[in-house]
Amino acid sequence: SLLNNLFWYQQFSFVEHVMPGNAGALHIIAAPVLGSLIIGVMARFGSEKIRGHGIPEAIEAILYSESRMSPKVAVLKPLSSAVSIGSGGPFGAEGPIIMTGGAIGSLFAQLFHLSAAERKTLLVAGAAAGMTAIFNAPIAAVLLALEVLLFEWKPRSFIPVVSAVLVSWCWRNALIGTGAIFPFYWMSQLQPMQLIIAVGIGALTGLIAVALSKSLYRLEEWFHHLPVHWMWWPALGSVIVGLGGIIQPRVLGAGYASIQSLLDGTLAINIIISLLLVKSIVWLVSLSSGTSGGVVAPLLIMGGAVGAVAAHLVPGYGGMLVMAGMAGILSGAMRAPLTGTLFAVEVTGHFHLLPVALGAAVASYAVSVLMMPRSIFTERL
């Protein structure tokens, strides 16, 4: 909130305001560019590890660095992400918080000279605790640890991860509050036709997840061929973010309010389509440029928008189809169907719609496996 107010309202205030407010077109372009210039300097003269969306860097540390992470990452990653999101970057805070939590766990293990296996466990425990703190989704956080980070299901790692997640969940509920972060109204009985439609949405989001992943790494290759230092790439990518913000202001920032609006069914179909298309473009360009930010919130918006379009075409299903789109795109992009399923259920609070989320997640996962060799996190590892 502080950086949001500084970039968009020139106020030192922690009061939440919606970006871009009354900013003109030049301001909408200049704010993301300025934020990205700051991130580029932080990455070049601080730590290059702050670039990217967090989870691949955590996986890389596990696979190639014996789960060792530096103190710089724990400090600079959340700071760079706050600058990115506050200046209008189309990201969520979850990836950087996962990276920060992992860095804290790794540093703790290094402080006490623990083994590589123990460092990995504490790194993943910190990452899962960070995800819990952001989304209040402890079960999904544990499943993310198991499906994406740990590569094993053993007591030596499972018990510490669950313990860390539960502690984080208790603190989160004590300090922030209880309940689902994206609730929506749904009282109808679950019908077989709803499940069939959800599976179709899952397959469609699987195709979109594959297209997003392939496009992301194609764009990354394009940036690597630019005749300028990588420190300047985020600023170049942010020009597209600013232009996208002029077309559709909802693409700026984390977009949690947009996720809620999609679930509530309060957006017109033309706004939903523009949100889907413009968010996809600015997210791909900005992330491929090497700036700092998370992928979960943008994926939720894109998958939710697909479900929201379907809800307009098939009236009466509303937020249920949006939730199916969210579960589907997370599963397809991360190649983690259980995480995608439980995440969509936990953040909305509708556990009775678990079959819908599971059907969409498995359908998306099947499409992703058939069309893409690896997940969006491991494509470059």
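Further up the page is the structure itself.
Let me begin by describing the structure that accompanies this report.

Cut-off values and rules
Residues numbered from 1 in each chain as written. Predicted model: local features only at pLDDT ≥ 70, side-chain atom pairs only at ≥ 80, totals over all residues. Heavy atoms only, no water. Helix = DSSP H or I, 4+ residues; strand = E, 2+ residues; numbered from the N terminus. Buried < 20%, exposed > 50% of the residue type's maximum accessible area, 1.4 Å probe, protein only. Contact = heavy atoms within 4.5 Å. Expected span 1.5 Å × (residues − 1). Core = buried A, V, L, I, M, F, W, Y, C linked by side-chain atoms within 4.5 Å. Phe/Tyr/Trp six-rings, centres within 6.5 Å; stacked < 30°, edge-to-face > 60°.

1. Points about the environment of Gly 179
Relative to the helices and strands, Gly 179 is located in the loop between helix H8 (155–175) and helix H9 (192–224). With a relative accessible area of 40%, Gly 179 lands in the partly exposed category. Not counting the four nearest positions on each side in its chain, Gly 179 is found in contact with Asn 136 and Asn 173.

2. Observations regarding helix H14 (residues 319–334)
Counted at 1.5 Å a residue, the expected span for H14 with its 16 residues is 22 Å, and the 22 Å between its end C-alpha atoms agrees. Across the 16 residues of H14, 16 count as buried, placing the element largely inside the fold. Just beyond H14, the residue with positive phi is Arg 335, at close to 55°.

3. Notes on the nonpolar core
Counting residues in hydrophobic clusters, the biggest one holds 91 residues, and the most contacted among them are Trp 283, Leu 299 and Phe 343. If sequence neighbours within four positions are ignored, Trp 283 has contacts with Pro 90, Phe 91, Leu 212, Gly 294, Val 295, Pro 298, Leu 299, Met 302 and Ile 376. Counting 10 residues, the second largest nonpolar core, distinct from the first, contains Met 42, Trp 230, Trp 233 and Val 285.

4. Some details on the packing of aromatic side chains
If you walk through the whole model with that rule in mind, you get 6 aromatic pairs. Relative to Tyr 256, the ring of Phe 182 has its centre 6.1 Å away and its plane inclined at 45°; by these criteria the two rings are tilted. With Phe 182 in the loop between H8 and H9 and Tyr 256 in helix H11 (residues 256–264), this pair connects stretches of sequence that are 74 residues apart. With a relative accessible area of 4%, Phe 182 lands in the buried category. For the ring pair Phe 223 and Trp 233, a centre distance of 6.1 Å and an interplane angle of 40° mean the geometry is tilted. A residue pair is termed long-range when its members are at least 10 positions apart, and Phe 223 in helix H9 and Trp 233 in helix H10 (residues 233–247) qualify at 10 residues. For the pair formed by Phe 223 and Trp 233, the shared burial category is buried. Aromatic ring contacts, followed pair by pair, group Phe 135, Phe 182, Tyr 256 and Phe 343 into a single cluster.

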